[in-house]
Each structure stands twice: as structure tokens, then as C-alpha cells.
Amino acid sequence: MELSAIMKDKLNAGDNVVALHEGVLLQGWSPKAHRLLALVERNLSFGLFVFTTSRNPPQAFTDLTINFVVPIDSDFKCDIDSLSAESNSDIYINLSARNFKLFMGMDSGHETNHFFNELSRSMDLYLKNQQTLDFQWLKKYNINDIDLELGLMMNINGDNTSNNIVTANMAVAENDISFPTGTHTLSSRESVIQRQMILSEEQYTNAQNFRIYIGTWNVNGQPTLSSLNDWLTCDSEQPDIYAIGFQELDLSKEAFLFNDSPREEEWLQAVTKSLNSKGNYKKVSLVRLVGMMLIVFVKNKHIDHVKNVATDTVGTGIMGKLGNKGGVAVRMDFHNTSLCFVNTHLAAHVEEYERRNQDYQNICSRMVFSNFRPPKTVKDHNQVYWFGDLNYRITEMDAISVKDLVRKNNFKNVLEADQLKQQHRAGNVFKGYKEGSINFLPTYKYDPGTNDWDSSEKNRAPAWCDRILWRGNAIKQLAYRSHPNLLISDHKPVSALFESEVRVVDLTKYRKIHEHIMKKLDKAENEYLPQVMVDNTEIIFHKVKFMEPQLKELTVANTGQVPVQFEFIKKLDDSTYCKEWLRIEPFMSFIDPGEKCDITLEVLIDKKSAYKMISGQDKLYDILVLHLDGGKDIFITVTGNYERSCFGCSLETLCYLKVPIKNIPFGKLMELENNKSNMTSDPYLVPKEVWYLVDHLYRHGLKQEHLFEHSGLRSEFVQIRNWLDNGSPDALPGSVHSVAEALLILLDSTSEPIIPYNLHATCLSAVSYYSQCKQIISQLPERSKNVFLYLCAFLQELLNHVNDNKLDVKTIASVFGEIFIRDPPRSRSDKSGHTRTSMSRKKTNFVYHFLVNDQSDLIINTSF
């Protein structure tokens, strides 16, 4: 009986086999695993069927078992490459879809060409007819066979990246087998089993839909309302999960400088009282940074299925420290699906879309849930919900035109000028995220207490500042709306309701697959050893510059027959597996047979390592040990050339540099830093680099609002650094915000702070008495004292213009308190939050004295 006839008997009536082909599975634990691929069509929609056969060739339809069915749609990809001679096949096929990845080898020839021509045609037809195609017919096929070889290729990662490990919560019920996650260290065998269970997840879980409510509101520092029902209980059916985000919860200086706020408890109580009364909710987590707060609730009946809750905060204010802008996040595992909620407040002002983009990138790179091994980032989740006051505005359209179009409900034309839409389309932010259709009025800016647009002198154009986006599979947005009846703020609250698919464990299937994996692993451990190939064992970085990261990639391929767990491990007598200037991502992972893992090595010389490079205490050289569980160690060298910079030099050295640092021989620079140079020329009173930056701010920034509060642009910092290091007849580049941040970074990068570490305790104990504070300053080393008094004199002049620049003396004192009395390296992690807040207050008070009092007697007694 011909195979096409057998296949016809296997399929439902009306489903037509377009092409058939056999291939060899190149990934898994069993060598030469044969699979049969069938391209099947119904009403111009196509599906790819994967079969195993009990006999080869099959004699009847009962010899065929369906493993997987994949629709040929927008998620389907097909790549064809040549194979090495070892594969015994001429063509290497990489087929992938949403939760499916298949690596196969096939013999080249006419039949293979025909199969892939038909597959290509089916993909083209989908693109032409995608609006009318229906794939429901594929769901009628029962897929009940457990095929471990293909199960190894299932990928449940939120971003479909095979090289990222998703550690789902494997605990399925009380007293059942479970695998620890988070801070626990797994043995090699347990790790492999966990990995295979994760990759086989679709086979032992069922999809269930849950309702997730996301709310965001910039409350403009206002006290809470007695009821938030209009916002939080606007749906008839109760959500299973609430994630509520606030911005500008508290605009007081106390909140801004020290992160203390009574508003946190007030708004928590208001939210709790206004949740859907039928839901019976329990708070999972609350996290706050200055005015950004995020609260997550779930129904009580679901609480036992919430595991591995973690939070993190990222400030994107100046130098990445101040929390006036940034983000807060909560992550958790819900059943077998990982969720991450991110509430953010990005940079303000119409023209600052690049800083908003930079804030987004900063949050993505710095938001880390470190109590997992390896640590998780935002992208390492099945579903991510990102919301907040994103602050993107309307450009290329004046306020009158915007208001006129909005009045006519012509949102489409206005949204064409929406910065977030434009930047998203350009791929600059929120790549991979989706946003629902906006059919509600702009959420900003209103006259507080009304629904009237901004009537102030600035007459701001209405904009959709407050947004909700998401990424992940099987998420359906049911509603996206604003709530104009809440009037206390200049923003309107926004909410979205989602029906989200969550994987729930079927205990019977789980045990069956777990047993199957255990047997396979027992066999594999007896027959095979881990084997990998590394494409490069000598990584070289050229021309590394201060605060300018460089990336290189290292590829590790599993050439053996068993899954491999690798990890970069510490060398003898080392406390970490790599130098502080090197970051490795991922530093540990699994690689399945036939798979590869691309590892990113990032070199970044920051303030912690710059001085060591200049003084000769360290150099761009490291040896990495790549350890294979059950296998050998591989040694990888990392080398590079660091281009010296004024950033990282001591104040003493900078005062002796009469020419740009690029003109100073490296040996001479090392002598200066190690106090071994006999300089005949007199030093400058303050470093010329400090003078250049302060002079620029004096001439161009005295009336600039939010100076020393808002961060600059990284691209402009690079230009400023190059200008200082190389010398130039041109004007100092960059905005005043970037120049201000460059000044702080320069002062923050010196080997010792302006007030040496050994005087910190004395300073903090003297903060109540200005006379004692003056006595400490008078005893500083000459160069440090000069810089301190020079900067304080400039700051006093800056504060003479508060009517224009809207600056506050306490804010400036707080920013420079952290610079003048800088914490020793690694000291902040040893202190509790209360202790850090207390120390920050004392630093602020110390500097405050010198900003509000006359310093003339100190200046008279200095080299000035």
C-alpha cells in the first residue's frame, strides 16, 4: 500500500497531503531517530504534521503516530543550511514555531526539493490570505503520544529563544515530586531532569485562561480618594490577578531624597478597599521607589499556586541613582507560567524621547531578580506586562490641532504623531511588545479637578502618556480604557483587562513524563559523556574606553549525545568567576544535543575598575574556566587594550595634567597615580577637567530646570569624555544635563572621594554643628579642599537662580553629599535600608551647611 494512501486513511476527510518526506532527527538522546513530515492542506491553510512510525516503511495507518501538528502561520520559520560531513545528511533543516523547534537532516535530491518548494509555497499563501484563514481543523487531531526526542525541542520561553533557560515552578501538588528553583543549587542530574521537564511542559500541562487586570495612574502627589471603584471595579467579572501601578505618589522632598512616604500606606488601603468585593484578594507583593509603587493581588483561591515572588527597582535619574524616574517590578510563577509586571515613569518633556528610550533600555538591562540562579531579567518570563507614565508625547502637531482632532474623536491622525508609536515602529523601544488599539481620550494634561485640557501658560498638547503594553503568547486584551471621572490629578488613570493563557499541570501526565525522562537519562548516563566545541578560546577586545561597553560573542556547541550543563566557575583563590569589568551572559546554561549557545561577553570599565587600570593595579586580562558537568574544563583567555581617560584618575594626578591625558605616556601616568613622580611644575588649583565642566555649566546652565536631577544622554557623555581626554579647539559638546552628569561621574570615579574615606565617620558625627564641619574641611588635603570649596561656591551661585531653575538646596545637597562623602566600594550592600537612609540624611546635612553659609574665611585660608 502506498504511503500517500496510508496517510489519507490516517487523516480526516477533506485534509489533503501536499508533500511527504522522511528525515533524521539530529537532536536528542537517541541517534538516528527517524521522523516522517507531512505538509497537509485544508481550505488554503496548511499544517506541518510530525509522525513516528512503528514500522519503516509503514504498512498501515496504525503504524503512524502523530507527535506534533504545527500551523504554517506567521510564527512558522524554516531555515536550510549545509551540514558537515559527520552528519550523514546533505541538508540541515531548522524548523521552528511558537513552542516547537525541530532540527533534522535530509538527503539532497528531487524529493527533498519538491517538499521544500511546497513548504515555501504554503508560507507564501499564508501571507497572501492570512486574514481569511482558519486553523481550527488542526485542533481536531488527538496528540497523545509522549515523544521524548521531540519533547526535548519544545521551548516555553517567552521570547522563543532556545538558549535562555526558563526555570518554571515545577511543584505540582503537595507530596508530589518537585524540583527546587531560585536560590537552591541543583546537582547535575537534578538540573538535567528539571531542564527536560521544562522543555516537555506542553505535554503535561493544560492551558487555562485567567483574567489579569493592569492599572496605572500618575496621581500628581495628591492624597487618595475615598473610593477608586470607578477605576478598579469597572468590569462585571472579577479578575484573577490585579497589578496596580502608581507614579508621583509623593512629590515631597522627603520621598525624593530618602524614599520615605506616608502615602504608601494610604494608597495601599484605598486600593485594597476598592478591589472587586466578590474576589476576596490577597496581596502578593508591594514595591516602591520614591513615587513609583506597584501592588500585585491575586484571588485567595489561587494563592497556593503563586511561587517564587521577587521584586526589584531601578532609578534612572542622574547617574542611575535618583529614583525620580525609573521602574519597579514584581515577578512570580503562577501555576507553570512566569509573569513579570513592570511599572515605570520615564523622562518627561516633549523633546526628550531619546532619554525615554534610554530609560527603557536602562530598566531592561538593570532590572534583575538576583535571588535566582542564574539571575532573571524582565525578558526571562513567559508573560510581561509593562505599564506606567511612559511620557511619550505628540510631535509635529501643535496643541490647537491636537485638541481639535481629539474633540472630533479623530484619534487615528493624532496617534500617527505619537512618539511611542513612532519609536516602537522604528524598533527603538519595546521590541516584541504589543499595545491594544487606543480608543480613549488622551490621558494628559488636564487641569486638576476637571476634565479640561491644560490651561496654564505652557498650554501642553494632550498626549497618551499613560500606557499599557505586553509581550508573550496566548494573551488576549479584552479592554483598554481610561477613567475620566477621577479628577484629582493632571493625568487620568488607565486600565487594561487581559485573558491570559496559563499552563496548569496535569499530575498524571507529569508523572508519566518524569518517569520516562528518568529512564532515558539512566540510559544516556551509561552510554555517553558530555562533549562540546567552543568556537574561540581567545577573546580580544580592542580600544576599550571608559563607560563605553564592548561586546563579543562566544559560541558553545553540544557535539555529543546527551544534554550538557555548563557553568563558568571560580579559579583557585578567586572570589568570582570573572573580573569585575567583565559580564558574561549566560554564565550557566543547558545545551541539548545538536544545539548551540551564544554567550555574550561584555567589557565595561566603570568607576570601580578605571582607577585600577590607570594605576597598574589591574589590566584587561582574565582566564575563564568553562566547566562541563560530568566533563572537562575549557580555559578561555580574555584580553584587551584600555585607552586611558581622565575619568578614574585621582584628584592629585588631574591637577598635574597640563595637557590632555592622551598626550601623557602611560608609564608617567602610573608614576603619578602611585606618588612616584617628581613633577617640577606647579599643579593647577583644581583639575582643568573639573574647571571646563563647571565653567560650561556656569555660562549655560544656571537657569536650567532640574540641573543635577535629570540624567544626560550616554551618546553625549561619550562625546564629552573624548573632548576632555583628547583636547579640542571646538566648544564642549552635549546638553547641560549631560555636562552636569559628566561632572558627577568624573568626581565619582576618583580613587578616593573629595573627602577621604578615613574622615567619613568624623563628618557624619559632626553634621549638627557647622563649626565642626568647617574644621574638617580645613584639614583636607590641599587639592581636595580646593575642589570642595570651588564646587560649593559654584553651587551657591546656582542656587541664587532658583526662581529660574526651580532647584532646591536640599536636593543639591543630597546629590553632592553622595559624591563628596562617597561610600567605600561594596559597603552599601552591608547596610540595612534604615541605616542607608540615616547616612544619606547626614551626608545631605553636612553639605547643606556649605550651601547656605558664608565660606569666605575658608577660601581666604586656601590656595585660592
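Attention here is on the structure that accompanies the text. What you see is a predicted model, and the numbers here were worked out from it, not measured in a lab.

### So, helix H14 (residues 607-615)
Every buried residue of H14 is accounted for by Ser609, Ala610, Tyr611, Met613, Ile614 and Ser615. On its buried side, H14 packs onto strand E29 (633-642) and helix H16 (666-673). Residue Gly616 follows H14 closely and has a positive phi angle near 85°.

### Some points on helix H22 (residues 782-799)
One full turn of an α-helix is made of 3.6 residues, so residues set three or four places apart face in the same direction. Here H22 spans 26 Å end to end across 18 residues, near enough to the 26 Å set by a 1.5 Å rise per residue. In terms of burial, H22 is a largely internal element, 14 of the 18 residues being buried.

### Here we look at the sheet that holds strand E8 (residues 205-218)
Within the open sheet, the six strands sit side by side as E10-E11-E9-E8-E20-E19. Their pairing is mixed. Two strands lie at the open edges of the sheet, namely strand E10 (281-289) and strand E19 (475-482), each paired on one side alone. Averaged over all pairs of adjacent strands, the angle between their axes in this sheet comes to 20°, without regard to strand direction. Bridging between E19 and strand E20 (residues 494-505) involves seven bridges; their strand directions are antiparallel. Residue pairing across strands places Ala479 opposite Leu497, the latter belonging to E20. Sitting on the sheet, helix H8 (residues 263-274) is in contact with E8, strand E9 (241-247), E10 and strand E11 (292-299), with an inclination near 30° to E11.

### Topic: the packing of aromatic side chains
Under the counting rule described, the total for this entry stands at 36 aromatic pairs. Ring geometry for Tyr770 versus Phe850: centroids 5.4 Å apart, planes at 75°, classification edge-to-face. With Tyr770 in helix H21 (residues 770-778) and Phe850 in helix H25 (residues 833-852), this pair connects stretches of sequence that are 80 residues apart. Look at Tyr770 and you get buried, because its relative accessible area is 16%. The class for Phe850 is buried, based on a relative accessible area of 0%.

### A look at the nonpolar core
With 153 residues, the main nonpolar core has Phe341, Phe708 and Phe846 as its most contacted residues. Leaving out residues up to four positions away in the same chain, Phe846 has contacts with Ile755, Cys763, Val767, Cys773, Ile776, Ile777, Phe788 and Ile821. Counting 24 residues, the second largest nonpolar core, distinct from the first, contains Leu39, Val70, Phe100 and Leu119.

### Comments concerning unusual backbone geometry
Across the junction of Asn56 and Pro57, the peptide omega takes the value 5°, indicating a cis bond. With respect to the helices and strands, Pro57 occurs in the loop between strand E3 (45-53) and strand E4 (64-71). For the peptide bond that leads from Glu585 to Pro586, omega is -5°, which places it in the cis range. Among the structural elements, Pro586 can be located in the loop between strand E25 (582-585) and strand E26 (588-591). One non-glycine residue with positive phi stands out, namely Glu396, at about 60°. Tracing the sequence through the fold places Glu396 in the loop between strand E17 (383-389) and helix H10 (399-407). By relative accessible area, which is 73% here, Glu396 ends up exposed.

Rules used in this analysis
- Residues numbered from 1 in each chain as written.
- Predicted model: local features only at pLDDT ≥ 70, side-chain atom pairs only at ≥ 80, totals over all residues.
- Heavy atoms only, no water.
- Buried < 20%, exposed > 50% of the residue type's maximum accessible area, 1.4 Å probe, protein only.
- Helix = DSSP H or I, 4+ residues; strand = E, 2+ residues; numbered from the N terminus.
- Contact = heavy atoms within 4.5 Å.
- Expected span 1.5 Å × (residues − 1).
- Pairing = 2+ DSSP bridges.
- Axes fitted to C-alpha atoms, helices over the stretch in contact; angles between N-to-C directions.
- Phe/Tyr/Trp six-rings, centres within 6.5 Å; stacked < 30°, edge-to-face > 60°.
- Core = buried A, V, L, I, M, F, W, Y, C linked by side-chain atoms within 4.5 Å.

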